[in-house]
Structure formats: structure tokens, C-alpha cells
Amino acid sequence: MIRTFEKSDLSSCIEVHRASFKEAPWFEQWNYEDSMARLVDIQNTPRFYGLVYCNKDQIIGALFGHVEQMNGFQIFFIKEMFVKAGDKNKGVGGKLIRALERHLCECKIEHVQLFTSKKHGIDRFYLKQGYAIDNDFVLLEKRINENNN
Ligand SMILES: CC(C)(COP(=O)(O)OP(=O)(O)OC[C@H]1O[C@@H](n2cnc3c(N)ncnc32)[C@H](O)[C@@H]1OP(=O)(O)O)[C@@H](O)C(=O)NCCC(=O)NCCS
């Protein structure tokens, strides 16, 4: 069952988030505090919307993001999405995306964007959901420290 995220889902989502990113291809060790801070920051973003996927009352996947106003239209930006270790590749992620898209259609929001890792091949998951790489845009990054400023 997929339903809207509620504040009381936070601790379950932290556990799923940490376990999900601990596995291949990320192998990231998120401590509890960092995971909580990331998810709470996302949830505190204006126009936040989140979905959780439950299996017998247990959360096994979640999708979080927010709506942004653009010039004459709105975009939903997917900020985080994760499925529990052991439940990946069973269609949970795809169902979360489709549930999000149904909700956005009802809200007349026609654009969805996200950043993901090409290096880790996650773009393949989104390409399978009908998303396309936008070559008009590029993600730029600069590491700031006292030596280059
Ligand atoms: C990415 C993720 C959300 C996908 O959810 P899922 O429930 O595993 O995906 P689904 O079962 O709905 O879709 C599976 C399809 O996507 C592809 N896919 C899933 N995870 C993939 C990955 N990490 N890399 C490449 N392709 C992937 C599978 O090959 C599969 O394709 P197929 O149906 O042709 O075999 C999930 O694997 C996950 O939590 N990963 C770790 C966290 C993460 O990377 N989040 C996204 C950050 S932007």
C-alpha cells in the first residue's frame, strides 16, 4: 500500500534510508543523526510532498520531494527515494514513482526533475520509468576551502 508520508513515519524512514544506502551500489554508512537531519531538512522544505510504501504496516520504501515555482509552471523535484534492503528490484520504486505521478497529474503539475548518480547507474532505474537525461543542463560543483579562496 502506498500512502502520504506522516511525521510519525520519520524513524522508520531513517532506518530504511540508512539500510538502503549501505548496500551496493552506494556502500554509504549513514549515521542516525545525519540520516535524520537529511530527511527532516527535506520534509521542512516549503511545498514538501512524500510517499511511503507499506507492506503489512511496515515501511519498505519512500519518496520525498517538493514543488518549485518556475516561469509559468511548476516542477516537482524528487530529493530522495529509497527502498529497503531485501525489497529492491521487486517493483516498489516503480510503484512509488507512478503514485507520485498520479498525484502530480491531479495537481496539474506536469514536470518532474531529479539528480542522480550516473556513476552508480541509478539513472537506468529512472530511464526505465520514462525519464530522460536533459543535456541542456549540467550539475556544477566547487569544493570551497581556505586554499582556493
Ligand atoms: C533506486 C531504487 C529506489 C529503485 O527501487 P526498486 O524498488 O529497487 O526498483 P524497481 O524494482 O521498481 O525497478 C527495478 C528496475 O530498475 C532497475 N534498477 C533498480 N535499481 C537500480 C540500480 N541501482 N541501478 C540500475 N538499475 C536499477 C532494475 O534493473 C530494474 O529493471 P528491470 O525491471 O528491467 O529489471 C532502489 O533500488 C534503491 O533504494 N536504491 C538505493 C537508494 C537509491 O539509489 N536511491 C535513488 C537515489 S536518486
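These remarks concern the structure in this document. (Residues numbered from 1 in each chain as written. Predicted model: local features only at pLDDT ≥ 70, side-chain atom pairs only at ≥ 80, totals over all residues.)

Considerations on the overall build of the protein
From N to C terminus, the protein includes four helices and five strands. Its helices and strands taken in sequence order, the protein reads β-α-α-β-β-β-α-β-α from the N to the C terminus. The C-alpha atoms of the protein give a radius of gyration of 16 Å, which matches the 15 Å a tight globule of 149 residues would have. Considering the protein as a whole, with its 149 residues, one finds that 19% of them fall into the buried category. For the protein, the share of sequence-separated contacts (at least 6 apart) that also reach a separation of at least 24 residues comes to 56%. (Helix = DSSP H or I, 4+ residues; strand = E, 2+ residues; numbered from the N terminus. Rg over C-alpha atoms; globule rule 2.2 N^0.38 Å. Buried ≥ 20, exposed ≤ 12 C-beta atoms within 10 Å, placed from the backbone. Contact = placed C-beta atoms within 7 Å.)

A word on the pairing of strand 4 (residues 74-83)
As paired strands, strand 3 (residues 58-69) and strand 4 are joined by nine bridges and run antiparallel to one another. By the bridge assignment for strand 4, G65 is matched with I78. Count of turn residues in the strand 3/strand 4 antiparallel hairpin: four residues, of which G72 carries a positive phi of about 90 degrees. Taken together, the four bridges between strand 4 and strand 5 (residues 111-114) define a ladder with parallel strand orientation. Bridging from a neighbouring strand, F76 pairs with V112 of strand 5. This β-α-β element, strand 4 to helix 3 (residues 92-106) to strand 5, shows right-handed connectivity. (Pairing = 2+ DSSP bridges. Right-handed = clockwise from strand over helix to strand, strands pointing away.)

Some thoughts on the site of the ligand
Neighbouring the ligand are 19 residues, the closest being V83, K88, V92, G93 and G94. Mapped onto the shell around the ligand, the elements with two or more residues apiece are helix 1 (10-22), strand 4, helix 3 and helix 4 (123-128). Tallied by class, the residues present in the shell around the ligand amount to eight nonpolar, seven polar and four charged. (Near = placed C-beta within 6 Å. Nonpolar A, V, L, I, M, F, W, Y, C, P; charged D, E, K, R; others polar.)

What to know about the sheet that holds strand 3
Across the sheet, which stays open at both edges, the five strands sit in the order 1-2-3-4-5 with mixed pairing between neighbours. Since the sheet does not close on itself, it has two edges, and those belong to strand 1 (2-4) and strand 5, each with one partner. Across the sheet, the mean angle from the axis of one strand to that of its neighbour is 30 degrees, orientation sign disregarded. (Axes fitted to C-alpha atoms, helices over the stretch in contact; angles between N-to-C directions.)

A closer look at the packing of helix 1 against helix 2 (residues 32-43)
Remark: helix 1 packs on helix 2, axes separated minimally by 9 Å, with the N-to-C direction vectors making an angle of 115 degrees. Crossing geometry of helix 1 relative to helix 2 is assigned as right-handed. Of the residues in helix 2, those in contact with L10, C13, I14, H17 and R18 of helix 1 are Y32, S35, M36 and L39. (Left-handed = near helix turned anticlockwise from the far one by under 90°.)

Quick look at helix 1
Under the 1.5 Å per step criterion, the end-to-end length of helix 1 is 18 Å for 13 residues, consistent within 8% with the ideal 18 Å. Buried residues along helix 1 sit in contact with helix 2, strand 2 (48-55), strand 3 and strand 4. (Expected span 1.5 Å × (residues − 1).)

Focus: the pairing of strand 3
In regular strands, side chains alternate between the two faces of the sheet. By the bridge criterion, eight bridges tie strand 2 to strand 3 in an arrangement that is antiparallel. Across the sheet, N55 pairs through a bridge with Q58, a residue of strand 3. Here strand 2 hands over to strand 3 after two residues, with K56 in that stretch at a positive phi of 50 degrees.

What to know about the nonpolar core
Counting residues in each nonpolar core, the largest one holds 20 residues, and the members touching the most others are C13, L51, A62, L63 and L96. Contributions of two or more residues to this core are made by helix 1, strand 2, strand 3, strand 4 and helix 3. With five residues, the top contributor of residues to this core is strand 4. Not counting residues within four places of it along the chain, the set of residues in contact with A62 comprises F5, C13, V16, G50, L51, V52 and F82. (Core = buried A, V, L, I, M, F, W, Y, C linked by C-beta atoms within 7 Å.)

Coordinates in, geometry out; function isn't part of it.
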